[in-house]
Amino acid sequence: MAFTNPLDVCADKSGAGVYMDAGRDYGLTSVSVDSFPPSLTCHWTSGHSTEAVWFWTAPLMYAGLACSVVCCASLLINRRRNR
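Within any chain, residue numbers begin from 1 and follow the written order of that chain's sequence. Thresholds applied to this predicted model are a pLDDT of at least 70 for local features of residues and 80 or more for the giving and counting of side-chain atom pairs; totals over whole chains, interfaces and linings are not thresholded and use all residues. For side-chain calculations, the full set of non-hydrogen atoms in the structure is used, while hydrogens and water are omitted.

**Digging into the state of the cysteines**
Stage number 1. The term disulfide is used for any two cysteine sulfur atoms that are within 2.5 Å. Considering all chains together, one arrives at one disulfide under this definition.
Stage number 2. Note on cysteine connectivity: Cys10 is disulfide-linked to Cys42, with sulfurs 1.8 Å apart. Handedness here is read from the sign of the S-S torsion; for Cys10 and Cys42, about -75°, the answer is left-handed. Linking Cys10 in helix H1 (residues 6-10) with Cys42 in strand S4 (residues 39-44), this pair joins segments that are 32 residues apart in sequence.
Stage number 3. With no disulfide of its own, Cys67 has Cys71 as its nearest cysteine by sulfur position, at a separation of 4.1 Å.
Stage number 4. Between Cys72, a cysteine without a disulfide, and Cys71, which holds the nearest cysteine sulfur, the sulfur-to-sulfur distance is 7.0 Å. Where helices and strands are cited, they refer to DSSP runs of H or I of at least four residues and of E of at least two residues respectively, numbered from the N terminus.

**A look at the packing of aromatic side chains**
Stage number 1. By convention, a stacked pair of Phe, Tyr or Trp rings (six-membered ring in the case of Trp) has centres within 6.5 Å and planes under 30 degrees apart, an edge-to-face pair has planes over 60 apart, and any other such pair is tilted. In the structure shown here, the tally under the stated rule is two aromatic pairs.
Stage number 2. Ring geometry for Phe36 and Tyr62: centres 5.6 Å apart, planes at 85°, overall edge-to-face. Residue Phe36 is located in the loop between strand S3 (28-34) and S4, and its partner Tyr62 is located in helix H2 (residues 57-81); the two are separated by 26 residues in the primary sequence.

**Quick look at the environment of Cys71**
Stage number 1. Residue placement: Cys71 occurs in helix H2.
Stage number 2. Exposure remark for Cys71: the relative accessible area of 38% places this residue in the partly exposed category.
Stage number 3. Here the alpha-carbon distance between Cys71 and Arg81, two residues 10 residues apart in the chain, equals 15 Å. Accessible area is worked out with a 1.4 Å probe on protein chains only. A residue is then buried under 20% of its type maximum, exposed over 50%, and partly exposed in between.

**Regarding unusual backbone geometry**
Stage number 1. A cis amide bond, omega -10°, links Phe36 with the succeeding residue Pro37.
Stage number 2. Along the chain, the position of Pro37 falls in the loop between S3 and S4.

**Topic: the nonpolar core**
Stage number 1. Among buried residues, those of type Ala, Val, Leu, Ile, Met, Phe, Trp, Tyr and Cys that are joined through side-chain atoms within 4.5 Å constitute a nonpolar core. Counting seven residues, the largest nonpolar core is built from Cys10, Ala11, Tyr19, Leu28, Leu40, Cys42 and Trp44.
Stage number 2. Contacts between residues were defined by any pair of non-hydrogen atoms, one from each residue, lying within 4.5 Å. If we ignore the near neighbours within four places in the chain, the residues touching Tyr19 are Leu7, Asp8, Ala11, Asp12, Lys13, Tyr26, Gly27 and Leu28.

None of the figures reported here should be taken as evidence of function without further support.
Have a look at this one:
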């Protein structure tokens, strides 16, 4: 969803077609999207920015990548031993 339409992830579209922060009077100025590690930052007219991706997402992806490398390596080592 963040890659197809990041504006909808950050804000709600008003009747005038302007993206506004829910419950506040801040307008959305820009959105920064990075694919790896995943990041979606919303920049508001008030000057503050909010991150729409949880802080634990990147460490969890790196841990999953490390676990898959270790599992593949152990499978290859075990396969060579049993030959």
